[in-house]
Amino acid sequence: IRWLLAASRTEESQELYAEFLDTAASVGLSPTLDADIHTSFEEKFGNNAVWRKLVKKAGAMLATKDRPIELIALAAQCVRNSEQDLGQSLFETAVGDLDLDEHPYVAVAGLRYARQAEDWATAEKCLQALLRDDQRLRIAGLWRQASDIAAQLGDEDESLRRYEQAIELERRKMLADVRDE
């Protein structure tokens, strides 16, 4: 694809890239959105409209296959390629009306996407869904992320409370490990 773009064979590169995206999405996989190809499309076509059209089509295909985690991965790649609005649109399509409490893997993917997109309100929503499970309440790393998110939202007291919870869980684990030795 890069070679075709470099050789100004834009129509062929567009067809090949469309085929690549369609093939990946048709089997339920999130295709890799290479930054160099994104840039090349912008340079050769004068804007990103062609690239966006192809990515939207792949996203629609993933949505019809009920693949929210893969669709969120595609959204995250859009954010990495400075296509925040497209990423947000794909994320919203992925999550839709899903109850994140009932779909923890989607909540984890959503949390990762939201942190990358610096969408702290969405990160908090995904985090809260994860923290409503008793087993996940005991994961110190999750509480550390919760602390970071609260700080980003400007709630220093909540950030500190969450950080203290993470430290307490880590302390308990360390004591249990020492006892087991």
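Anything mentioned here points back to the structure above.
This is a predicted model, so every value here is computed, not measured.

**Student:** Help me get a handle on the packing of helix α2 (residues 10–26) against helix α4 (residues 49–64), residues and values and all.
**Tutor:** Between α2 and α4, the shortest axis-to-axis distance is 8 Å and the interhelical angle comes to 20°. Classified by the angle their axes make, α2 and α4 are roughly parallel. Relative to α4, α2 is oriented so that their crossing is right-handed. For the pair α2 and α4, the contacting residues are Gln-14, Tyr-17, Ala-18, Leu-21, Asp-22, Ala-25 and Ser-26 in the first and Val-50, Trp-51, Leu-54, Val-55, Lys-57, Ala-58, Met-61 and Leu-62 in the second. Among the residues forming the contact of α2 with α4, the class breakdown is 11 nonpolar, 2 polar and 2 charged.

**Student:** I'd like to hear about the layout of surface pockets, residue by residue, with values.
**Tutor:** By volume, the largest pocket amounts to about 180 Å³. Considering the residues around the largest pocket, the lining is formed by Ile-69, Ile-72, Ala-73, Ala-76, Gln-77, Arg-80, Ala-109, Arg-112, Tyr-113 and Gln-116. Elements that contribute at least two residues to the lining of the largest pocket include exactly α5 (68–80) and α7 (104–117). Of all the elements, α5 adds the most residues to the lining of the largest pocket, at 6 residues. Broken down by class, the residue content of the lining of the largest pocket amounts to 6 nonpolar, 2 polar and 2 charged.

**Student:** Report on the packing of α2 against helix α3 (residues 35–45), specifying residues and quantitative values.
**Tutor:** α3 packs onto α2 with a crossing angle of 145° between their chain directions and a minimal axis gap of 11 Å. The two elements α2 and α3 cross, and the hand of that crossing is left-handed. When α2 is examined against α3, the residues Thr-10, Ser-13, Gln-14 and Tyr-17 are found in contact with a partner set consisting of Ile-37, Phe-41, Lys-44 and Phe-45. Here the residues of the contact of α2 with α3 are counted per class, giving 4 nonpolar, 3 polar and 1 charged.

**Student:** Account for the state of the cysteines, naming residues and giving values.
**Tutor:** For the coordinates displayed, the defined rule picks out 0 disulfides. With no disulfide partner, Cys-78 has as its closest neighbouring cysteine sulfur the one in Cys-126, 17 Å distant. On the basis of relative accessible area, Cys-126 is assigned to the buried category, the value being 1%.

Procedures and definitions
Residues numbered from 1 in each chain as written. Predicted model: local features only at pLDDT ≥ 70, side-chain atom pairs only at ≥ 80, totals over all residues. Heavy atoms only, no water. Axes fitted to C-alpha atoms, helices over the stretch in contact; angles between N-to-C directions. Helix = DSSP H or I, 4+ residues; strand = E, 2+ residues; numbered from the N terminus. Parallel < 35°, antiparallel > 145°, perpendicular 65-115°, else oblique. Left-handed = near helix turned anticlockwise from the far one by under 90°. Contact = heavy atoms within 4.5 Å. Nonpolar A, V, L, I, M, F, W, Y, C, P; charged D, E, K, R; others polar. 1 Å grid on protein atoms, 1.4 Å probe; cavity = no way out; pocket = protein on both sides within 12 Å on 5 of 7 lines; lining within 4 Å. Points joined across faces, edges and corners; volume = space filled by probe spheres on them. Disulfide = S-S within 2.5 Å. Buried < 20%, exposed > 50% of the residue type's maximum accessible area, 1.4 Å probe, protein only.

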